[in-house]
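# Coordinates in review
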Amino acid sequence: MANVIKLHKGLDINLQGKAREQLIKLQSKGQYALVPDDFEGVTPKVVVKEGDKVKAGEALFINKAYPEVKFASPVSGTVREVVRGERRKVLCVKVEADAQQVQVDFGKKDVAQMTGQQVIEALLEAGIFGYINQLPYAVSTNPTVQPKAIFVSALRDKPLAGDFNFEVKGQEQDFVTGIMALSKIAKTHVGLGIQPDFQSVIRQLGIDQYADLTIFDGPCPAGNVGVQVNHVDPVNKGEVVWTIGDPTVVLFIGRLFNTGKVDLRRRVALCGSEVKSPAYVDMLVGEELSTLLSNSYDADHHVRIINGNVLTGRPTTKDGFLGAHTSEITVIPEGDDADEVLGWILPRFNQFSVNRSYFSWLCGKKKYALDARIKGGERHMIMSGEYDKVLPMDIYGEYLIKAIITGDIDRQEALGIYEVSPEDFALAEFVDSSKLELQRIVREGLNILRKENA
């Protein structure tokens, strides 16, 4: 029987434009790019040159700190460009796909007969080990440290998030194989939502033989893997847990062992209030977005295209590429052309407010078409308890942010910085009346702490 944890803190934001369970097909133009910034904490070293021919599954770049950690090409084709930015930082490696795809065959494997070390070596060889993250520091993990546990969140609950239950249909065996493989490495925990149909599927598959199941009943961010770690087995100084907040990574792992080939295909939700027909599409990691976004929204509108969800995603353009951990492409109004007569004096029935500043709180579970405006400038930080209302962790969020800003490392450690990741503060950033970039602050604090402890 799965353990149930009830969470009371958090916030569900109902937005217009959720994807229907309808799959649309696209004809790709064959342009792909793998972006190192999608893998937090990785310093890339490119191992291919422009003009090289690569197969799907061959490495495009490696982690300079841990050269055994490779990052595989999603397709076979020709390396067209290694795009670099300031100080020769690698921005992406572009590959033009062949008409006939060729994949490296790593050989099918019986996971039941493998050891944990053999699983790790297989993931390293195939170039998908780097998709696994870790706490502390919320970075791509390294294979030299044995984790005390592995946490997988199969619950997506951010605004307009893609439904993993819909994605996993027809791929259940790959999910089972992936969980079984992870359980060979360390004790594995799988976090689920309260959807009874998905819970029954998980039990029918027998995943509870390989992992401890925990049901999280509560508002967003109950699906954050960091929140789940905090409630099941918190991270103390000197401990390491591996985390998979993107359950599609488990499918990547399962496909590798079941087919012997790297298959980085994922089901992506095209969503947002500006999208004409929100639906799902199957894409490869790194696939160009122009095909997906052409004619999907009104080109005359000022829009914000987000590679990911509205809380943690990154702004992109039609010329961008699907992120390694992206399960949604979201299109919302930019808001820079908004002209509100009388401004704040209006009752604002169509604007969402956490603290009942607008009359919209009388409208129940109404869905909103929010834009990308911040609606205010950065101000002094006020200790108002706002963060604690949406942060369901045993952490004093406001005090931790102050410790990071002031650079007090001892205070940060005492307040639990090893347990958090930037996404855990996404909702706090949304409700913050001081308009601070909390996710950026937390990321910079974690980077400094990681450097100090290296």
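As shown above, the structure is provided for reference.
First, a word on scope: everything that follows refers to the structure included in this document. Treat the numbers as computed from the prediction; the structure is a model and nothing was measured.

### Overview of the overall build of the protein chain
Secondary structure assignment for the protein chain yields 12 helices and 20 strands. Since a compact globule built from 454 residues should have a radius of gyration of about 22 Å, the 22 Å found for the protein chain is in line with a globular shape. Taken along the three principal axes of its C-alpha coordinates, the protein chain extends 65 × 50 × 50 Å. Classification of the 454 residues of the protein chain by burial places 55% in the buried group. Within the protein chain, contacts between residues at least 6 apart in sequence are counted, and of these 69% link residues at least 24 apart. With an accessible surface of roughly 20600 Å², the protein chain has 48% of that area assigned to carbon and sulfur atoms. Each charge sign in the protein chain was given a centre, from 53 positive and 60 negative side chains, and these centres are 1 Å apart.

### As for the packing of aromatic side chains
Under the counting rule described, the total for this entry stands at 12 aromatic pairs. Where Phe39 meets Tyr131, the ring centres are 5.0 Å apart and the plane angle is 85°; that geometry is what we call edge-to-face. One end of the pair, Phe39, is in the loop between β3 (31-34) and β4 (44-46); the other, Tyr131, is in the loop between α1 (116-126) and β10 (133-135), with 92 residues separating them in the sequence. Tyr131 shares its class with Phe39; the two are buried. Taking 6.1 Å as the distance between ring centres and 85° as the angle between the ring planes, the aromatic pair formed by Tyr396 and Tyr399 counts as edge-to-face. Tyr396 gets classed as exposed once you look at its relative accessible area, which sits at 56%. Owing to a relative accessible area of 43%, Tyr399 belongs among the partly exposed residues under this scheme.

### Some points on the side chain of Asp157
Mapped onto the secondary structure, Asp157 falls in the loop between β12 (149-153) and α2 (164-168). Despite its burial, Asp157 pairs with no opposite charge, the nearest such side chain being Lys158 at 5.2 Å. A polar contact of 3.0 Å, which involves the side chain of Asp157, links it to the backbone nitrogen of Ala222. A distance of 2.9 Å separates a polar atom in the side chain of Asp157 from the backbone nitrogen of Gly223. Apart from the residues within four sequence positions on either side, Asp157 is in contact with Asp12, Pro219, Cys220, Pro221, Ala222 and Gly223.

### Some thoughts on the sheet that holds strand β2 (residues 23-24)
Reading across from one edge, β2-β17-β16-β20-β18-β19 is the order of the 6 strands in this open sheet, with mixed pairing throughout. Unpaired on one side and paired on the other, β2 and β19 (314-316) mark the two borders of the sheet. Sheet topology note: the β2/strand β17 (residues 279-284) ladder contains 2 bridges and is parallel. Counted as the bridge partner of Leu23 is Tyr280 from β17.

### Quick word on the sheet that holds strand β1 (residues 3-6)
Sheet architecture is open: 7 strands sit in the order β1-β14-β13-β12-β15-β10-β11, paired in mixed fashion. Since the sheet does not close on itself, it has two edges, and those belong to β1 and β11 (139-140), each with one partner. Bridge count between strand β13 (residues 188-192) and strand β14 (residues 212-217): 4 bridges; the pairing is parallel. Bridge assignment links Gly191 to a residue of β14, and that residue is Thr214.

Reading the values: the criteria
- Residues numbered from 1 in each chain as written.
- Predicted model: local features only at pLDDT ≥ 70, side-chain atom pairs only at ≥ 80, totals over all residues.
- Heavy atoms only, no water.
- Helix = DSSP H or I, 4+ residues; strand = E, 2+ residues; numbered from the N terminus.
- Rg over C-alpha atoms; globule rule 2.2 N^0.38 Å.
- Buried < 20%, exposed > 50% of the residue type's maximum accessible area, 1.4 Å probe, protein only.
- Contact = heavy atoms within 4.5 Å.
- Areas by Shrake-Rupley, 256 points an atom, 1.4 Å probe, with all protein chains shown as cover.
- Lys, Arg positive; Asp, Glu negative; His and termini not counted.
- Charge placed at Lys NZ, Arg CZ, Asp CG, Glu CD.
- Phe/Tyr/Trp six-rings, centres within 6.5 Å; stacked < 30°, edge-to-face > 60°.
- Salt bridge = Lys/Arg side-chain N within 4 Å of Asp/Glu carboxyl O.
- Polar contact = N/O pair within 3.5 Å; in protein donor to acceptor, adjacent residues only side chain to side chain.
- Pairing = 2+ DSSP bridges.

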